[in-house]
Amino acid sequence: MTERSARPRSTQVSTIIKAPRQAVYWACLDPDAVAAWRVPDNMMGQMHVFEAREGGTFRMSLTYRDPKQSPGGKTSEDTDTFQGRFVELVSGEKIVEAIVFESPDPGFAGEMKITTRLADTDAGTEIAILCEDIPPGIRVEDNETGSRQSLRKLAALIE
């Protein structure tokens, strides 16, 4: 797995998944799959709304597994809830999402853009996730770590 900083408030991580590109694409658009893989290791995911179409909306909560170990959630003491929309869907190639965290803290305000790109390789499918305009209340390093953890879970789910 490789990662690089694209801009100061952006991150990009990528990996190769030993599965066809279309299988990876659909795992990115299945609400149960997303709730299972797009979650940092120390959290659980719950999908509230998920309309996988351009212009469709979604809403998801990430809750710390051990509330005593929670550094404090963005939405509540142990939960981060965000909502978003699918800006662009290119079957088997690209998913662009815009998300907003539900938080009274201005450090988490603003819209973050997530672009997922898929490409064929000899070893399977390369998936690259670019997060742009990360709110200042989120450490870039934490975003990178959470994204790497999520990609490992996605690979385990599909391979």
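Cut-off values and rules
Residues numbered from 1 in each chain as written. Predicted model: local features only at pLDDT ≥ 70, side-chain atom pairs only at ≥ 80, totals over all residues. Heavy atoms only, no water. Helix = DSSP H or I, 4+ residues; strand = E, 2+ residues; numbered from the N terminus. Buried < 20%, exposed > 50% of the residue type's maximum accessible area, 1.4 Å probe, protein only. Expected span 1.5 Å × (residues − 1). Phe/Tyr/Trp six-rings, centres within 6.5 Å; stacked < 30°, edge-to-face > 60°.

A. Just unusual backbone geometry, in detail. Backbone geometry places D133, a non-glycine residue, at a positive phi of 60 degrees. Within the secondary structure, D133 is located in the loop between β8 (124-132) and α3 (140-158). The exposure class of D133 is partly exposed, given its relative accessible area of 43%.

B. Inspection of α3 at higher detail. For α3, spanning 19 residues, the distance from its first C-alpha to its last is 27 Å, which sits close to the expected 27 Å at 1.5 Å a residue. Among all positions in α3, only V140, N143, E144, G146, S147, R148, Q149, S150, L151, L154 and A155 are buried.

C. Broad picture of the packing of aromatic side chains. Summed over the entire model, instances satisfying the criterion amount to 5 aromatic pairs. Summarising the aromatic geometry, the rings of Y25 and W26 are spaced 5.4 Å apart at their centres and angled 75 degrees between planes, so their arrangement reads as edge-to-face. Residue class for Y25 comes out buried when judged on its relative accessible area of 3%. With a centroid separation of 6.3 Å and an interplanar angle of 45 degrees, the aromatic rings of F50 and F58 are classed as tilted.

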